[in-house]
Amino acid sequence: MTEVKEKKVEDIKKEAEENIKCPVNKALYYIREFLAGPMCGKCFPCEMGTYEMAIRLQNIVEGMATEIDILSIKRIAANMIEASMCKKGKDTAKFIMEWMDAGVFHEHISGRCPSRECKAVIEYIIIPEQCIMCGECQDACEYNAIVGEKKKPFLSGYAPFEIRQKRCVKCGDCVFVCPTEAIVIVDVKTKETVGV
Ligand code: SF4
Ligand code: SF4
Ligand code: SF4
């Protein structure tokens, strides 16, 4: 029987650094992997602390957090550095603090993920004035998330196409096919454009 080797905390950190752009997402990935592997549960500050961190990080990526979540993560990390029994717990807290230094944790609270990885804080929308009702986006959307009727030259009175937010999985496929750059990404809370 082949033995499954436990990941080292440094390896998990490296994976997060190499594969994920958003520091909040990196921290969440790291904590989940830490909980699934190296975290042994022998001491309270690390065991309880990392579970609570995971919940609060999840809140942040889902756009449901407040500044209290950030303060709590900092408090937990400080406790872990102080009181964890082994280096794995202390290093974990240091890695999380490092990612928090980037400042984007606060941006998430106001509804913005600068890397656009935390999908709960963004929406894809169609700018009505730029939509020529060609239907390319509707054909490209595998989730049937776009409503609208293709324009025919002999008819008038068409409404621009629209994205149904409840169906949209934010894959971005529609953006690439739109000939007029009518589809943009906006902050859920502010409705300001954050990119295309
Ligand atoms: S600090 Fe070390 S000993 Fe304590 S729970 Fe975490 S991994 Fe286990
Ligand atoms: S982002 Fe993806 S799911 Fe959403 S409307 Fe565009 S193609 Fe459809
Ligand atoms: S691809 Fe662009 S222009 Fe065409 S219907 Fe969709 S949003 Fe409108």
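This is a predicted model, so every value here is computed, not measured.

1. So, helix α3 (residues 44-61)
Over its 18 residues, α3 runs 26 Å from end to end, which matches the ideal 26 Å to within 8%, given 1.5 Å per residue. When α3 is considered as a whole, its buried residues turn out to be Cys46, Gly49, Thr50, Met53, Ala54, Arg56, Leu57, Ile60 and Val61. Buried-residue contacts for α3 involve α2 (23-36), α4 (67-83), α5 (87-100) and α6 (104-109). Immediately downstream of α3, the backbone of Gly63 shows phi near 70°, a positive value.

2. Re the packing of helix α1 (residues 9-19) against α5
Put simply, α1 and α5 touch, their axes get as near as 10 Å, and they point 20° apart. The pairing of α1 with α5 is recorded here as roughly parallel in orientation. Between α1 and α5 lies a crossing of right-handed hand. On α5, the residues that touch Val9, Glu10, Lys13, Ala16 and Glu17 of α1 are Lys87, Lys88, Asp91, Thr92, Phe95, Glu98 and Trp99.

3. Some points on the site of ligand 1
Near ligand 1, the surroundings consist of Pro38, Met39, Cys40, Gly41, Lys42, Cys43, Cys46, Ser84, Met85, Cys86, Lys88 and Gly89. Taken together, the residues that form the shell around ligand 1 break down as 7 nonpolar, 3 polar and 2 charged.

4. A look at the site of ligand 3
The immediate surroundings of ligand 3 are formed by 14 residues, with Cys131, Cys134, Gly135, Cys137 and Cys178 found nearest. One can see that ligand 3 is located within the second largest cavity.

5. Here's the deal with the pattern of salt bridges
With the rule as written, the count across this model stands at 11 salt bridges. The partner of Lys13 in a salt bridge is Glu98, and the shortest N-O contact between them spans 3.1 Å. With Lys13 in helix α1 and Glu98 in helix α5, this residue pair connects regions lying 85 residues apart in the sequence. Of the residues examined, Lys13 reaches a relative accessible area of 17% and is grouped as buried. The exposure class assigned to Glu98 is partly exposed, which follows from its relative accessible area of 43%.

6. Regarding the domain arrangement of the protein chain
Reports often express the size of an interface as the amount of accessible area lost when the parts come together. When the domains of the protein chain are assigned, the result is domain 1 (9-109) and domain 2 (121-195). Using only C-alpha atoms to locate each centre, domain 1 and domain 2 end up separated by 36 Å.

7. Comments concerning the packing of aromatic side chains
Inspection of the entire model under this criterion finds 3 aromatic pairs. Centre to centre, the rings of Tyr30 and Phe95 are 5.5 Å apart; their planes meet at 85°, and the pair counts as edge-to-face. Of this pair, Tyr30 sits in helix α2 while Phe95 sits in helix α5, and the two are 65 residues apart along the sequence. With relative accessibility at 0%, the residue Tyr30 sits in the buried group. Taking the relative accessible area as the measure of exposure, Phe95 reaches 10% and is therefore buried.

About the thresholds
- Residues numbered from 1 in each chain as written.
- Chains lettered and ligands numbered in written order.
- Predicted model: local features only at pLDDT ≥ 70, side-chain atom pairs only at ≥ 80, totals over all residues.
- Heavy atoms only, no water.
- Helix = DSSP H or I, 4+ residues; strand = E, 2+ residues; numbered from the N terminus.
- Expected span 1.5 Å × (residues − 1).
- Buried < 20%, exposed > 50% of the residue type's maximum accessible area, 1.4 Å probe, protein only.
- Contact = heavy atoms within 4.5 Å.
- Axes fitted to C-alpha atoms, helices over the stretch in contact; angles between N-to-C directions.
- Parallel < 35°, antiparallel > 145°, perpendicular 65-115°, else oblique.
- Left-handed = near helix turned anticlockwise from the far one by under 90°.
- Near = heavy atom within 4 Å.
- Nonpolar A, V, L, I, M, F, W, Y, C, P; charged D, E, K, R; others polar.
- 1 Å grid on protein atoms, 1.4 Å probe; cavity = no way out; pocket = protein on both sides within 12 Å on 5 of 7 lines; lining within 4 Å.
- Sits in = over half its atoms within 2 Å of the grid points.
- Salt bridge = Lys/Arg side-chain N within 4 Å of Asp/Glu carboxyl O.
- Domains from an automatic or database assignment.
- Phe/Tyr/Trp six-rings, centres within 6.5 Å; stacked < 30°, edge-to-face > 60°.

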